[in-house]
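Fold and geometry: a report
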Amino acid sequence: MNSSLNAARRARELAETRDLVVDVLVVGLGATGAGAALDAASRGLSVAAIDAHDMAFGTSRWSSKMIHGGLRYLARGQVGVAYESAVERGHLLGRTAPHLVRAYPYLLPLVPEVSRRHAALVMTGYRLGDGLRAAARTPRHLLPGPSRISAARTLALASPLGSRGLRGALLSWDGRLADDARLVVTVARTAAAHGARILTRCRALELSGDGALVRDELGGDTFTIRARTVVNATGVWAAGLHPGIRLRPSRGTHLVLRPETLPGLTAGLHVPIPGESNRFALVLPQPDGRVHVGLTDEPADGPVPDVPQVPEEDVTFLLAVLNSVLEEPVRREDVAGTYAGLRPLLAAEGRSADLSRRHALLTRPDGLVTIVGGKLTTYRRMAEDAVDRAVSLGRLDAGRSRTAELPLVGAVPDGPGGGGNADGEGVRGAGRSLRRYGSEAGAVRALMAEDPWLAEPGPAGVTGAELVWAVRHEGALNVDDLLDRRTRVGLVPQDRAAALPLARAALAY
Ligand SMILES: Cc1cc2nc3c(=O)[nH]c(=O)nc-3n(C[C@H](O)[C@H](O)[C@H](O)COP(=O)(O)OP(=O)(O)OC[C@H]3O[C@@H](n4cnc5c(N)ncnc54)[C@H](O)[C@@H]3O)c2cc1C
């Protein structure tokens with residue numbers, strides 16, 4: 001079946017879904033829900049998957065885009081969580097999404113605030129992380145091991161660092177996504193290729209084990225989707241549909257710096273947070289040239305907003321940590337955008353930075369399965385667990401999960417020109433379009449030949465062809481979908497405003 005999502009397919013499949021009883025109804029199209037839709041559809045089950053807004057509307061688009069090997073969990077003694085992360089990272093790098101996930105280098109600058117003892121401890125952690133990589137059978141050519149590098153090499157990789165007192169850096173590698181929202185859309189399209197009905201702008205008003213009361217947010221009418229099993233994958237909103245679940249959301253904020261703000265930064269940075277032994281701020285150069293700086297971890301109690309706001313104190317805090325290692329400080333006016341996401345953590349005692357990132361499956365007596373917690377890296381495993389539970393509760397006729405081996409749409413098979421690698425390019429020789437579209441890059445380029453304006457780079461380098469592609473094949477229904485999720489132009493409000501005419505033209509093309 002075709003992986004293309006668009007307004008016509010949505011309308012057709014929405015109409016069909018009203019007359020069916022599907023095997024699995026998935027509610028929420030973040031990484032977890034899109035993963036569940038793919039897991040179920042690729043086992044041969046009939047699937048409808050709905051989102052109140054758009055694919056990747058929630059937390060999944062506000063991440064740091066890291067595909068972690070689980071080092072942080074290892075440091076807390078959560079060996080199982082760490083191993084699971086390392087295994088999932090290996091699947092993404094090596095087989096399922098080598099076009100979207102690649103190895104990326106990070107430097108921990110050895111500044112005077114990092115004592116020799118602290119550096120030795122961190123290096124031991126990195127080596128254990130490398131052991132996890134080996135245990136997860138991820139080859140070294142996909143993910144190199146850690147090393148200590150000289151001050152000169154550190155400055156060659158990251159010239160904005162201050163040289164005074166710099167003893168060198170610890171160099172480590174981890175997985176990195178080209179873009180988190182793109183992963184979600186790609187997983188959902190792969191699910192669609194296996195027959196899942198991906199229905200955005202359909203809000204679940206009430207859930208039970210055998211279906212949902214749903215409102216079409218475009219048409220305005222309310223109807224029922226009947227299902228043999230229901231998976232609630234609404235992340236930080238899950239408790240609204242499954243009363244009794246207690247979540248303790250935690251806010252993570254990132255700053256977005258313009259491309260020219262930190263010239264000469266070719267690796268990510270782990271910047272020690274003063275007074276904390278095992279927490280670091282992250283400086284993350286992006287494929288579009290912008291640099292993201294994160295990450296706070298603050299309890300965010302109270303009503304859950306659609307889009308979390310960034311308090312000014314988060315900006316001040318992140319700038320102070322960043323500037324503690326730079327030669328020239330970054331000023332408030334260099335911050336072109338900010339974003340925050342809420343981690344869907346299960347309530348427990350303790351600081352939110354210490355709450356387990358392990359996922360949890362909760363089942364209601366009527367058969368509703370809710371999956372929460374976890375992280376982007378482990379979305380596939382979370383989805384597998386949720387669908388296993390649904391299959392057993394609904395006594396569905398389905399085999400085992402196939403997703404660990406199933407390439408996502410656009411995945412380039414191993415071999416010349418393909419496969420993730422650690423030389424800084426996810427696909428050898430890849431430019432922007434290969435990293436984002438993989439094997440579909442040629443089709444996006446062919447669109448550019450249709451009309452000269454489609455090839456013209458607009459704000460943040462986005463082209464009309466990419467936007468038209470998103471309308472025809474990636475389910476974008478309006479300018480918000482185009483600028484805030486299919487591309488990330490919208491992370492900088494000024495770029496977003498400048499790109500609006502291009503987005504409108506793409507929708508009308
Ligand atoms: C700041 C931050 C940084 C992070 N960085 C990383 C990282 O680098 N690496 C990593 O592995 N993990 C990271 N995480 C964790 C990871 O992003 C999340 O665990 C993951 O994205 C959660 O995905 P989800 O699909 O469960 O939820 P979401 O992505 O929030 O999806 C839930 C969906 O449900 C929909 N929905 C809600 N209510 C309804 C309804 N009534 N009807 C229909 N649909 C509904 C929403 O619109 C939304 O699209 C980070 C988290 C945060 C907050």
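So, here's what we can say about the structure. (Residues numbered from 1 in each chain as written. Predicted model: local features only at pLDDT ≥ 70, side-chain atom pairs only at ≥ 80, totals over all residues. Heavy atoms only, no water.)

1. A word on the packing of aromatic side chains
Going through the model one piece at a time under the given rule, you end up with three aromatic pairs. Seen from their ring centres, Y104 and Y106 are 5.6 Å apart, and the 70° between their planes marks the pair as edge-to-face. Classification of Y106 by relative accessible area gives buried; the value is 1%. Sitting over the ring of F57, R61 keeps its end group 4.8 Å from the ring centre. (Phe/Tyr/Trp six-rings, centres within 6.5 Å; stacked < 30°, edge-to-face > 60°. Buried < 20%, exposed > 50% of the residue type's maximum accessible area, 1.4 Å probe, protein only. Lys NZ or Arg CZ within 6 Å of the ring centre and 35° of its normal.)

2. Things to note about the site of the ligand
Near the ligand you find 38 residues, and of these T32, D51, S60, M66 and T377 are the closest. Backbone polar atom of K65 to an oxygen atom of the ligand: 3.4 Å apart, as the coordinates give it. For the ligand, whose unbound accessible area comes to 1,000 Å², protein coverage reaches 96%. Elements supplying a minimum of two residues to the shell around the ligand: α2 (31-42), β8 (202-208), β11 (250-257) and β16 (335-343). Per-class residue counts for the shell around the ligand are 15 nonpolar, 17 polar and six charged. (Near = heavy atom within 4 Å. Polar contact = N/O pair within 3.5 Å; in protein donor to acceptor, adjacent residues only side chain to side chain. Areas by Shrake-Rupley, 256 points an atom, 1.4 Å probe, with all protein chains shown as cover. Helix = DSSP H or I, 4+ residues; strand = E, 2+ residues; numbered from the N terminus. Nonpolar A, V, L, I, M, F, W, Y, C, P; charged D, E, K, R; others polar.)

3. Brief notes about the nonpolar core
Nonpolar side chains in soluble globular proteins tend to be buried together. Within the largest apolar cluster, 89 residues are counted, with the highest numbers of intra-cluster contacts made by L107, I198 and V283. For this core, the leading source of residues is helix α7 (residues 180-193), giving eight residues. Sequence-distant contacts of I198, that is, excluding residues within four places in its chain, are made with L5, E13, L29, A37, A49, M55, A188, A191 and A192. Counting residues in hydrophobic clusters, the runner-up holds 22 residues, among them V444, V462, A470 and L502. (Core = buried A, V, L, I, M, F, W, Y, C linked by side-chain atoms within 4.5 Å. Contact = heavy atoms within 4.5 Å.)

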